[in-house]
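Architecture at a glance
Each chain, letter by letter, is given below.
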Amino acid sequence: MGVPSGAADPAVRSGPVGPPGLVESPVWSGSVWPSGLVESPGSSERSEPSVSCPLGEARTGVAALSLRYRIAVALALAVVAVGVCVHLGMTFLHVAPANTVTKAHGKAVDDWIYPEFEQNWKLFAPNPLQQNISIQVRAGIRGPDGMTLTTGWYDLSAEDGRAIDGNLLPSHTQQNELRRAWDFYVATHDGENRPVGLRGSLSESYLRRIMVLRLDRDDAIRAATGGSGVIERVQVRSRTSNVPPPEWSREKVSTTPSYRELPWWRVPQDEAAGGVR
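Residues numbered from 1 in each chain as written. Predicted model: local features only at pLDDT ≥ 70, side-chain atom pairs only at ≥ 80, totals over all residues. Heavy atoms only, no water.

Side note on the nonpolar core
Cut-off, in case you're wondering: Remark: nonpolar core denotes a set of buried residues (Ala, Val, Leu, Ile, Met, Phe, Trp, Tyr, Cys) joined through side-chain atoms within 4.5 Å. Think of it in three bands: with a 1.4 Å probe and only protein chains considered, a residue is buried below 20% of the maximum accessible area for its type, exposed above 50%, and partly exposed in between. Helical segments are the DSSP runs of H or I of at least four residues, strand segments are the runs of E of at least two, and each set is numbered from the N terminus. Contacts: residue pairs with any heavy atoms within 4.5 Å of one another.
Ranked by internal contacts, the top residues of the largest apolar core, which has 24 residues, are Val137, Leu207, Met211, Leu215, Ile231, Val234 and Val236. Of all the secondary structure elements, the ones that give two or more residues to this core are strand S3 (131-142), helix H4 (172-187), helix H5 (200-217), helix H6 (220-225) and strand S6 (230-242). With five residues, the top contributor of residues to this core is H5. In this view, Val236 contacts Ile135, Gln136, Val137, Trp153, Trp182, Leu207, Met211, Arg260, Glu261, Leu262 and Trp265; residues no more than four positions away in its chain are not counted.

Quick look at the pairing of S3
The condition is simple: Two strands qualify as a pair provided DSSP detects at least 2 bridges between them.
In terms of strand pairing, S3 meets S6 through twelve bridges, oriented antiparallel. Following the sheet pairing, Gln131 is matched in S6 by Asn242. Here S3 pairs with strand S5 (residues 154-155) via two bridges, running antiparallel. Pairing of Gln136 across the sheet is with Asp155, part of S5. Note that S3 and strand S4 (residues 148-150) share three bridges and pair antiparallel. If you follow Gly140 over to S4, its bridge partner there is Thr150. Joining the antiparallel neighbours S3 and S4 is a turn of five residues, in which Gly146 adopts a positive phi near 90 degrees.

What about the pattern of salt bridges?
For the record, the criterion: By definition, a salt bridge exists where a carboxyl oxygen of Asp or Glu is found within 4 Å of a side-chain nitrogen of Lys or Arg.
Scanning all chains against the criterion turns up ten salt bridges. Two residues, Arg214 and Glu159, come together in a salt bridge whose shortest N-O distance is 3.3 Å. Note that Arg214 is positioned in helix H5 and Glu159 in helix H3 (residues 156-164), a separation of 55 residues in sequence. Of the residues examined, Glu159 reaches a relative accessible area of 22% and is grouped as partly exposed. By sharing partners, the salt bridges in this structure join Glu159, Asp160 and Arg214 into a single network.

Remarks on the packing of aromatic side chains
Where two aromatic rings form a pair, the distance of their centres and the angle of their planes describe that pair. Put simply, the test is: For Phe, Tyr and Trp, rings pair up if their centres lie within 6.5 Å, where Trp contributes its six-membered ring, and each pair is then called stacked (planes under 30 degrees apart), edge-to-face (over 60) or tilted (otherwise). For a ring to carry a charge above it, either NZ of a lysine or CZ of an arginine must fall within 6 Å of the ring centroid while also lying within 35 degrees of the normal to the ring plane.
Enumeration over the complete set of coordinates arrives at two aromatic pairs. A centroid spacing of 5.8 Å and a plane angle of 25 degrees characterise the contact between Trp182 and Tyr185, whose relative ring orientation is stacked. With Trp182 and Tyr185 both in helix H4 and three residues apart, the pair spans about one turn of that helix. An aromatic cluster of at least three residues, connected via ring pairs, comprises Trp182, Tyr185 and Trp265. One Lys or Arg, Arg233, reaches over the ring of Trp264 and ends 4.1 Å from the middle of that ring.

With respect to the packing of H4 against H5
To keep things clear, this is the line we draw: Under this scheme, a helix contributes an axis fitted over its contacting stretch, all axes are lines through C-alpha atoms, and angles between N-to-C directions fall in the 0 to 180 degree range. Any angle that falls under 35 degrees is termed roughly parallel, while one over 145 is termed roughly antiparallel, one within 65 to 115 roughly perpendicular, and all others oblique. Should the near helix be turned counterclockwise from the far one by less than a right angle, the crossing is left-handed, whereas a clockwise turn marks it as right-handed. Residues are grouped as follows: Ala, Val, Leu, Ile, Met, Phe, Trp, Tyr, Cys and Pro are nonpolar; Asp, Glu, Lys and Arg are charged; every other residue, Gly included, is polar.
In the contact formed by H4 and H5, the axes pass within 9 Å of each other and the chain directions differ by 150 degrees. What the angle tells us is that H4 and H5 run roughly antiparallel. Crossing angle aside, the handedness with which H4 passes H5 is left-handed. Touching Glu177, Leu178, Ala181, Trp182, Phe184 and Tyr185 of H4 are Leu202, Ser203, Glu204, Tyr206, Leu207, Ile210, Met211 and Arg214, all from H5. Taken together, the residues of the contact of H4 with H5 sort by class into ten nonpolar, one polar and three charged.

Overview of the environment of Gln269
With respect to the helices, strands and loops of the structure, Gln269 is situated in helix H7 (residues 269-272). Accessibility expressed as a relative area gives 77% for Gln269, which makes it exposed. Residues Gln269 and Ile231, spaced 38 residues apart in sequence, show a C-alpha to C-alpha distance of 8.9 Å.

Without other data, these values stay purely geometric and don't point to any function.
In structure tokens:
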């Protein structure tokens, strides 16, 4: 008996014939990639994994900025680079020995360096420092009974040295304050301790105030009077000794120290209690 016309044969499958157990994946178009063969129900074979191929990766950092902002970043970096180069060049000219450039443009170099970027060292120094200079101070203290007592000499440089020795991060005050104050005084006074120029009185006030503050910190008043008292005057001196040569050197250098004593300075009342109030 024949099959009725128009009836669908369940054994006949529509569409193209493929391998047993597999059906054809959809046709891809545009930017959608084919997903491979799809496993049919009951099949023991696995399909191939789908592959995704992005057309491009997202940009990050400066590259993600618009052209306008990228130009701004480039200009900012260029300005910073030029500033760093100029500063390094000015610093080099400042610490280098005198040359044609510094003779012609010395004022411009000094205007750049002082006062914020001052350097206290020199390249190829012909006469490196070969002396140990320590600053010492003593004070006249008026006790509660009205009597004035004079303290012994306090070696402030030795105190700073002990504070720096073994300290990985010594303070700027311990390293430079006392030394720079003394250099400031010496540069503005002659050998007779007379001020030279308009900064002489300023250097005296600066050095005197440091002495009073250090004496107050060391509790010199209590040590001298056994109680309360007031600093009436201070005297500063420097102790200079040559650095001894190494053992293998034949150089003969005297290590006997020399002293430079400054006159007594009266301490104003507003400084007497340990500094300006």
